[in-house]
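This is what each chain is made of:
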Amino acid sequence: MGGEAGMGGLQFDPEVSRKTEAMYTTSDMVEQRRIVRVALALRPGDRVLDVGVGPGLLAAEMAEEVGPTGRICGIDISDSMLAIARTRAGAGPGIELEAASVMRIPHPAESFDVVVSTQVFEYVDDVAGALDEVHRVLRPAGRVVLLDTDWASVVWRSSDDARMARVLTAFEDHLADPHLPRTLADGLAKSGFMLTHQQVVPLLNTGYDNRTYSAGLIDIVSGFVPGHGGVTADEARAWAADLRSLGAGYFFSLNRYLVVASAL
Ligand SMILES: C[S@@+](CC[C@H](N)C(=O)[O-])C[C@H]1O[C@@H](n2cnc3c(N)ncnc32)[C@H](O)[C@@H]1O
(Lines give C-alpha, C1' and ligand atoms only; values in the text may rest on other atoms or scores of the structure.)
Protein backbone atom coordinates (compact mmCIF):
# COMPACT_ATOMS: atom_id res chain seq x y z
CA MET A 1 0.00 0.00 0.00
CA GLY A 2 3.07 2.17 0.42
CA GLY A 3 1.47 4.34 3.11
CA GLU A 4 2.16 4.91 6.78
CA ALA A 5 -0.70 5.52 9.18
CA GLY A 6 -1.75 8.96 10.30
CA MET A 7 -1.81 11.86 7.85
CA GLY A 8 -0.04 14.58 9.83
CA GLY A 9 -0.43 12.43 12.94
CA LEU A 10 1.86 9.70 14.21
CA GLN A 11 3.66 8.02 11.30
CA PHE A 12 4.04 4.26 11.77
CA ASP A 13 7.37 4.27 9.95
CA PRO A 14 9.97 1.52 10.59
CA GLU A 15 11.32 3.19 13.78
CA VAL A 16 7.94 4.00 15.39
CA SER A 17 6.61 0.55 14.37
CA ARG A 18 9.60 -1.17 16.04
CA LYS A 19 9.15 0.93 19.21
CA THR A 20 5.41 0.22 19.22
CA GLU A 21 6.06 -3.52 18.97
CA ALA A 22 8.44 -3.29 21.97
CA MET A 23 5.79 -1.42 24.01
CA TYR A 24 3.19 -4.02 23.06
CA THR A 25 5.29 -6.85 24.48
CA THR A 26 5.30 -5.26 28.00
CA SER A 27 3.23 -6.94 30.71
CA ASP A 28 0.90 -3.89 30.59
CA MET A 29 -0.10 -4.75 27.05
CA VAL A 30 -0.15 -8.52 27.66
CA GLU A 31 -2.81 -7.79 30.31
CA GLN A 32 -4.70 -5.44 27.97
CA ARG A 33 -4.84 -8.15 25.29
CA ARG A 34 -6.06 -10.66 27.88
CA ILE A 35 -8.97 -8.33 28.71
CA VAL A 36 -9.71 -7.80 25.00
CA ARG A 37 -9.72 -11.58 24.42
CA VAL A 38 -12.16 -12.10 27.30
CA ALA A 39 -14.48 -9.55 25.66
CA LEU A 40 -13.99 -11.21 22.26
CA ALA A 41 -15.02 -14.64 23.65
CA LEU A 42 -13.81 -16.37 20.48
CA ARG A 43 -14.80 -19.94 19.68
CA PRO A 44 -13.06 -22.51 17.50
CA GLY A 45 -14.05 -21.91 13.88
CA ASP A 46 -14.75 -18.15 14.24
CA ARG A 47 -13.85 -15.91 11.28
CA VAL A 48 -12.17 -12.77 12.68
CA LEU A 49 -10.94 -9.52 11.12
CA ASP A 50 -8.32 -7.48 13.03
CA VAL A 51 -8.47 -3.90 11.72
CA GLY A 52 -5.13 -2.12 12.16
CA VAL A 53 -3.44 -5.40 13.06
CA GLY A 54 -0.17 -3.58 13.93
CA PRO A 55 2.60 -5.91 15.12
CA GLY A 56 0.22 -8.90 15.04
CA LEU A 57 0.44 -9.90 18.71
CA LEU A 58 -3.34 -10.05 19.20
CA ALA A 59 -3.78 -11.79 15.84
CA ALA A 60 -1.34 -14.52 16.86
CA GLU A 61 -3.15 -15.04 20.18
CA MET A 62 -6.55 -15.14 18.46
CA ALA A 63 -5.28 -17.71 15.94
CA GLU A 64 -4.68 -20.12 18.84
CA GLU A 65 -8.26 -19.59 20.01
CA VAL A 66 -10.09 -20.04 16.68
CA GLY A 67 -7.93 -23.03 15.79
CA PRO A 68 -7.40 -24.60 12.37
CA THR A 69 -11.09 -24.37 11.40
CA GLY A 70 -11.15 -20.60 12.08
CA ARG A 71 -9.80 -17.69 10.10
CA ILE A 72 -7.84 -14.62 11.24
CA CYS A 73 -7.45 -11.78 8.74
CA GLY A 74 -5.50 -8.62 9.52
CA ILE A 75 -5.39 -5.35 7.62
CA ASP A 76 -3.19 -2.30 8.20
CA ILE A 77 -2.14 0.76 6.22
CA SER A 78 1.44 0.70 7.51
CA ASP A 79 3.87 -1.41 5.49
CA SER A 80 6.33 -1.37 8.43
CA MET A 81 3.73 -2.75 10.83
CA LEU A 82 2.70 -5.41 8.32
CA ALA A 83 6.34 -6.45 7.90
CA ILE A 84 6.60 -6.97 11.69
CA ALA A 85 3.25 -8.78 11.80
CA ARG A 86 4.35 -11.09 8.96
CA THR A 87 7.40 -12.29 10.89
CA ARG A 88 5.13 -13.18 13.81
CA ALA A 89 1.92 -14.30 12.12
CA GLY A 90 3.54 -15.96 9.12
CA ALA A 91 4.51 -18.88 11.31
CA GLY A 92 1.03 -19.39 12.76
CA PRO A 93 -1.84 -21.21 11.08
CA GLY A 94 -4.70 -19.36 9.46
CA ILE A 95 -3.48 -15.73 9.61
CA GLU A 96 -3.91 -13.66 6.44
CA LEU A 97 -2.37 -10.17 6.33
CA GLU A 98 -3.15 -7.47 3.81
CA ALA A 99 -2.30 -3.80 3.23
CA ALA A 100 -5.64 -2.00 3.36
CA SER A 101 -7.52 0.74 5.17
CA VAL A 102 -10.61 0.30 7.30
CA MET A 103 -12.24 2.72 4.85
CA ARG A 104 -12.09 0.03 2.12
CA ILE A 105 -11.98 -3.42 3.68
CA PRO A 106 -10.96 -5.86 0.94
CA HIS A 107 -13.53 -8.53 1.85
CA PRO A 108 -17.08 -9.25 0.68
CA ALA A 109 -20.15 -8.44 2.77
CA GLU A 110 -20.86 -10.69 5.77
CA SER A 111 -17.41 -12.38 5.68
CA PHE A 112 -16.75 -12.28 9.44
CA ASP A 113 -18.26 -13.38 12.75
CA VAL A 114 -16.13 -10.88 14.70
CA VAL A 115 -14.25 -7.66 13.94
CA VAL A 116 -11.73 -6.34 16.47
CA SER A 117 -9.81 -3.06 16.37
CA THR A 118 -7.63 -1.91 19.25
CA GLN A 119 -6.20 1.61 19.29
CA VAL A 120 -6.93 2.24 15.64
CA PHE A 121 -10.24 4.11 15.32
CA GLU A 122 -8.72 7.02 17.28
CA TYR A 123 -6.43 7.51 14.23
CA VAL A 124 -9.30 7.49 11.73
CA ASP A 125 -10.74 10.76 10.34
CA ASP A 126 -14.10 9.35 9.23
CA VAL A 127 -15.21 7.08 12.10
CA ALA A 128 -18.80 6.86 10.81
CA GLY A 129 -17.55 5.66 7.40
CA ALA A 130 -15.23 3.14 9.09
CA LEU A 131 -18.07 1.77 11.24
CA ASP A 132 -20.25 1.37 8.13
CA GLU A 133 -17.45 -0.67 6.51
CA VAL A 134 -17.13 -2.86 9.63
CA HIS A 135 -20.91 -3.37 9.61
CA ARG A 136 -20.80 -4.39 5.93
CA VAL A 137 -18.24 -7.17 6.46
CA LEU A 138 -19.91 -8.57 9.61
CA ARG A 139 -22.58 -11.25 9.37
CA PRO A 140 -25.94 -10.35 10.98
CA ALA A 141 -25.51 -10.50 14.78
CA GLY A 142 -21.73 -10.54 14.30
CA ARG A 143 -19.76 -8.70 16.99
CA VAL A 144 -17.36 -5.77 16.94
CA VAL A 145 -14.89 -5.11 19.78
CA LEU A 146 -13.22 -1.70 19.84
CA LEU A 147 -10.68 -0.29 22.30
CA ASP A 148 -9.48 3.31 22.28
CA THR A 149 -7.78 5.79 24.61
CA ASP A 150 -9.28 8.98 25.96
CA TRP A 151 -6.28 11.25 26.54
CA ALA A 152 -8.26 13.40 28.99
CA SER A 153 -7.79 10.48 31.40
CA VAL A 154 -3.98 10.73 31.60
CA VAL A 155 -2.37 11.35 34.99
CA TRP A 156 1.40 11.73 34.61
CA ARG A 157 3.55 13.11 37.40
CA SER A 158 6.07 15.77 36.42
CA SER A 159 8.31 18.29 38.17
CA ASP A 160 6.91 20.94 35.79
CA ASP A 161 3.12 20.73 35.42
CA ALA A 162 2.91 23.59 32.91
CA ARG A 163 5.43 21.85 30.62
CA MET A 164 3.59 18.53 31.03
CA ALA A 165 0.32 20.22 29.97
CA ARG A 166 2.00 21.74 26.87
CA VAL A 167 3.54 18.40 25.87
CA LEU A 168 0.29 16.49 26.34
CA THR A 169 -1.67 19.06 24.33
CA ALA A 170 0.93 18.81 21.55
CA PHE A 171 0.75 15.00 21.65
CA GLU A 172 -3.02 15.11 21.05
CA ASP A 173 -2.08 15.97 17.44
CA HIS A 174 -0.92 12.38 16.97
CA LEU A 175 -4.55 11.21 16.74
CA ALA A 176 -7.56 12.17 14.63
CA ASP A 177 -9.67 12.12 17.83
CA PRO A 178 -7.86 11.93 21.21
CA HIS A 179 -11.27 11.71 22.96
CA LEU A 180 -13.02 9.15 20.74
CA PRO A 181 -14.34 6.80 23.49
CA ARG A 182 -16.88 9.34 24.75
CA THR A 183 -18.69 9.43 21.35
CA LEU A 184 -18.09 5.90 20.09
CA ALA A 185 -21.21 4.30 21.61
CA ASP A 186 -23.38 6.90 19.85
CA GLY A 187 -21.53 6.32 16.60
CA LEU A 188 -22.02 2.55 16.83
CA ALA A 189 -25.78 2.98 17.36
CA LYS A 190 -25.98 5.29 14.32
CA SER A 191 -24.16 2.71 12.17
CA GLY A 192 -26.62 -0.08 12.99
CA PHE A 193 -25.00 -1.74 16.01
CA MET A 194 -26.52 -2.67 19.37
CA LEU A 195 -24.21 -2.02 22.32
CA THR A 196 -23.75 -5.09 24.52
CA HIS A 197 -20.81 -4.23 26.82
CA GLN A 198 -18.59 -1.31 27.84
CA GLN A 199 -15.68 -1.17 30.28
CA VAL A 200 -12.68 0.87 31.33
CA VAL A 201 -9.28 -0.73 30.83
CA PRO A 202 -6.89 1.25 33.03
CA LEU A 203 -3.11 1.35 32.82
CA LEU A 204 -0.99 2.12 35.87
CA ASN A 205 2.80 2.40 36.07
CA THR A 206 4.29 3.49 39.39
CA GLY A 207 8.04 3.68 39.93
CA TYR A 208 10.10 4.23 36.76
CA ASP A 209 10.78 0.95 34.92
CA ASN A 210 12.08 0.62 31.35
CA ARG A 211 9.97 -2.49 30.83
CA THR A 212 6.63 -0.67 31.09
CA TYR A 213 4.27 0.72 28.47
CA SER A 214 4.68 4.32 29.60
CA ALA A 215 8.50 4.16 29.54
CA GLY A 216 8.21 3.35 25.81
CA LEU A 217 5.59 6.06 25.44
CA ILE A 218 8.04 8.70 26.74
CA ASP A 219 10.19 7.97 23.68
CA ILE A 220 7.26 8.11 21.25
CA VAL A 221 5.94 11.37 22.76
CA SER A 222 9.33 13.12 22.85
CA GLY A 223 9.94 12.08 19.22
CA PHE A 224 6.54 13.37 18.09
CA VAL A 225 5.89 16.66 19.91
CA PRO A 226 8.70 18.95 18.63
CA GLY A 227 7.01 21.34 16.17
CA HIS A 228 3.54 20.70 17.60
CA GLY A 229 1.80 23.29 19.82
CA GLY A 230 5.01 25.35 20.02
CA VAL A 231 6.99 22.61 21.83
CA THR A 232 10.70 22.63 20.95
CA ALA A 233 13.06 19.64 20.71
CA ASP A 234 14.94 20.93 23.80
CA GLU A 235 11.71 21.18 25.78
CA ALA A 236 10.71 17.65 24.75
CA ARG A 237 14.12 16.30 25.79
CA ALA A 238 13.91 18.07 29.19
CA TRP A 239 10.36 16.72 29.67
CA ALA A 240 11.54 13.14 29.02
CA ALA A 241 14.66 13.45 31.20
CA ASP A 242 12.56 14.76 34.09
CA LEU A 243 10.20 11.76 33.97
CA ARG A 244 13.05 9.25 33.83
CA SER A 245 14.70 10.93 36.82
CA LEU A 246 11.65 10.52 39.09
CA GLY A 247 12.69 6.96 39.98
CA ALA A 248 10.49 5.45 42.66
CA GLY A 249 8.33 8.61 42.58
CA TYR A 250 7.33 8.09 38.93
CA PHE A 251 3.53 7.88 38.34
CA PHE A 252 1.57 7.27 35.12
CA SER A 253 -2.05 6.31 34.60
CA LEU A 254 -4.23 6.26 31.47
CA ASN A 255 -7.62 4.82 30.56
CA ARG A 256 -8.60 2.86 27.47
CA TYR A 257 -12.30 2.20 26.90
CA LEU A 258 -13.54 -1.08 25.47
CA VAL A 259 -16.88 -1.43 23.72
CA VAL A 260 -18.61 -4.53 22.36
CA ALA A 261 -21.54 -4.24 19.95
CA SER A 262 -23.61 -6.54 17.80
CA ALA A 263 -24.53 -5.89 14.13
CA LEU A 264 -28.30 -5.49 13.71
C1 LIG B 1 -1.35 2.03 17.92
S2 LIG B 1 -1.26 0.86 16.63
C3 LIG B 1 -2.28 -0.47 17.24
C4 LIG B 1 -1.94 -1.81 16.62
C5 LIG B 1 -2.78 -3.01 17.06
N6 LIG B 1 -4.17 -2.86 16.81
C7 LIG B 1 -2.56 -3.33 18.52
O8 LIG B 1 -3.36 -2.94 19.36
O9 LIG B 1 -1.55 -3.98 18.81
C10 LIG B 1 -2.32 1.61 15.41
C11 LIG B 1 -2.35 0.84 14.10
O12 LIG B 1 -3.46 1.29 13.31
C13 LIG B 1 -3.05 1.33 11.96
N14 LIG B 1 -4.00 2.20 11.23
C15 LIG B 1 -4.15 3.55 11.37
N16 LIG B 1 -5.12 3.99 10.54
C17 LIG B 1 -5.61 2.90 9.88
C18 LIG B 1 -6.61 2.70 8.88
N19 LIG B 1 -7.29 3.74 8.38
N20 LIG B 1 -6.85 1.45 8.44
C21 LIG B 1 -6.14 0.39 8.93
N22 LIG B 1 -5.16 0.52 9.86
C23 LIG B 1 -4.89 1.75 10.33
C24 LIG B 1 -1.62 1.83 12.06
O25 LIG B 1 -0.90 1.63 10.89
C26 LIG B 1 -1.10 1.06 13.25
O27 LIG B 1 -0.55 -0.18 12.87
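Everything that follows concerns the structure shown earlier in this document.
The following refers to the structure shown.

What counts and how
Residues numbered from 1 in each chain as written. Predicted model: local features only at pLDDT ≥ 70, side-chain atom pairs only at ≥ 80, totals over all residues. Heavy atoms only, no water. Phe/Tyr/Trp six-rings, centres within 6.5 Å; stacked < 30°, edge-to-face > 60°. Helix = DSSP H or I, 4+ residues; strand = E, 2+ residues; numbered from the N terminus. Buried < 20%, exposed > 50% of the residue type's maximum accessible area, 1.4 Å probe, protein only. Salt bridge = Lys/Arg side-chain N within 4 Å of Asp/Glu carboxyl O. Contact = heavy atoms within 4.5 Å.

The next subject is the packing of aromatic side chains. All told, the structure shown has six aromatic pairs when counted by the stated rule. For the pair F12 and Y123, a centre-to-centre distance of 5.4 Å together with 70° between the ring planes defines the contact as edge-to-face. Linking F12 in the segment before α1 (14-24) with Y123 in the loop between β4 (112-118) and α5 (127-137), this pair joins segments that are 111 residues apart in sequence. Ring centres of W156 and F252 lie 4.8 Å apart, and the angle between their planes is 70°; this geometry places the pair in the edge-to-face category. Residue W156 is located in strand β6 (residues 155-156), and its partner F252 is located in strand β8 (residues 251-263); the two are separated by 96 residues in the primary sequence. A relative accessible area of 6% places W156 in the buried class. On the basis of relative accessible area, F252 is assigned to the buried category, the value being 0%.

What follows concerns the pattern of salt bridges. Summed over the entire model, instances satisfying the criterion amount to 16 salt bridges. For the salt bridge of E96 with R71, the shortest nitrogen-to-oxygen distance reads 2.9 Å. Remark: R71 occurs in strand β2 (residues 71-76) and E96 occurs in strand β3 (residues 95-99); sequence separation between them is 25 residues. The residue R244 makes a salt bridge to D219 at a minimum N-O spacing of 3.4 Å. In this pair, R244 sits in helix α9 (residues 233-244) while D219 sits in helix α8 (residues 213-224), placing the two residues 25 residues apart along the sequence. Taking the relative accessible area as the measure of exposure, R244 reaches 36% and is therefore partly exposed.

Attention now moves to the environment of T26. In this fold, T26 is placed in the loop between α1 and α2 (27-40). If we ignore the near neighbours within four places in the chain, the residues touching T26 are R211, T212 and Y213.

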